[in-house]
Amino acid sequence: MPASFPETAISTERLLLRPLEVDDASSLTAMMADELVHTWTAIPQPFTEAHAVEWARLLAPARRIQGRGIVFAVTEHLTQRVVGVVELRGTDWRLLSTEVVFITAPWARGEGYAPEAVLGVAQWLFEDRGFLRLEMRTAAGNTAGQQVAQKVGSISEGVLRSAWIVRGSEWGQAGEESRSDLILWSLLPEDLESPHAFSHGGEAAHTW
């Protein structure tokens, strides 16, 4: 039996990251119907409520139990509405390294939720789980994803050439599939110790 993450929740200033629930299906379906999600991710399209139920009931728990990663629904403390998803995948328990993937719901963009959620996960990984490396990969045209990586203090390590397929354009307009470079980012525990790592206009990176 491989190592695995515990079933847990992470609380930040404005957000609660918790396991997916079957009751999240309608919110997940609406989120994944967005053109930007279609463009930059490999989420099945069309993404149906049946996909969402299977994700919450079977796929996400299996990922955690098998040690491959963990999936969190990102919800607002005040309203309890789902505003995104954060996933850890490709977890290497020997290297204590994993990759983070995040999706922000179209109705919650511009609120700073993605960096707040990613930073919360990073702090939990490093401080509570003893991890030593968190990776992110962003498509070359995904400037919003790159901004999130920068705001949490990640370092760009280079370009993975022709390593992804995008399904549209930088502006989220559906189009033909095309190959894209990926920018590789990393975040290490010492990066969180920098007093300037998360500054943005005088505010912490919690306010994206």
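Above: the structure in question.
Below, the structure is looked at part by part. Position numbers for residues start from 1 in each chain and track the written sequence from start to end. With pLDDT at 70 or above as the cut-off, local features in this predicted model cover only qualifying residues; side-chain atom pairs require 80 or more to be listed or tallied, and sums for whole chains, interfaces and linings still use all residues. Neither water nor hydrogens contribute to the side-chain values; these are computed over all heavy atoms in the structure.

In this description a helix means any DSSP run of H or I spanning at least four residues, a strand means any run of E spanning at least two, and both kinds are numbered starting from the N terminus. Every helix has an expected span of 1.5 Å times one less than the residues it contains. Here helix 4 (residues 113-128) spans 22 Å end to end across 16 residues, near enough to the 22 Å set by a 1.5 Å rise per residue. Most of helix 4 is tucked away: 13 of the 16 residues are buried. Remark: Gly 130 follows helix 4 within two positions and exhibits a positive phi of approximately 75°. Exposed residues in this analysis have more than 50% of their type's maximum accessible area, buried residues have under 20%, and partly exposed residues fall in between, with area computed by a 1.4 Å probe over protein chains only.

Further remarks concern the pattern of salt bridges. Oppositely charged side chains may form a pair once their charged atoms are brought near each other. Any carboxyl oxygen of Asp or Glu within 4 Å of a side-chain nitrogen of Lys or Arg constitutes a salt bridge here. For the coordinates displayed, the defined rule picks out 11 salt bridges. For the salt bridge of Arg 14 with Glu 116, the shortest nitrogen-to-oxygen distance reads 2.7 Å. Of this pair, Arg 14 sits in the loop between strand 1 (10-11) and strand 2 (15-18) while Glu 116 sits in helix 4, and the two are 102 residues apart along the sequence. For Glu 116, a relative accessible area of 0% puts it in the buried group. For Arg 81, the salt bridge goes to Glu 76, with nearest N and O atoms at 2.7 Å. Judged by relative accessible area, Glu 76 falls into the buried class, the value being 9%.

Attention now moves to the packing of aromatic side chains. Only centres within 6.5 Å qualify two rings of Phe, Tyr or Trp (six-membered ring in Trp) as a pair; their planes then separate them into stacked at under 30 degrees, edge-to-face at over 60, and tilted for everything else. Tallied over the entire structure, the rule returns 6 aromatic pairs. Geometrically, the ring pair formed by Phe 5 and Trp 124 is tilted, given 5.6 Å between the ring centres and 40° between the ring planes. Separated by 119 residues along the polypeptide, Phe 5 in the segment before strand 1 and Trp 124 in helix 4 bring together distant segments of the chain. Here Phe 5 and Trp 124 have matching classes, each one buried.

Another aspect to go through is unusual backbone geometry. In this chain, Gln 45 is followed by Pro 46 through a cis amide linkage whose omega measures -5°. The residue Gln 80 is not glycine, and still its phi comes out positive at about 65°. Mapped onto the secondary structure, Gln 80 falls in the loop between strand 3 (70-76) and strand 4 (82-92). Taking relative accessible area as the criterion, Gln 80 reaches 53% and is therefore assigned exposed. With phi around 55°, Leu 96 is a residue other than glycine that occupies positive phi space. As for its position among the elements, Leu 96 is in the loop between strand 4 and strand 5 (97-104). Using a relative accessible area of 23% as the deciding quantity, one classes Leu 96 as partly exposed.

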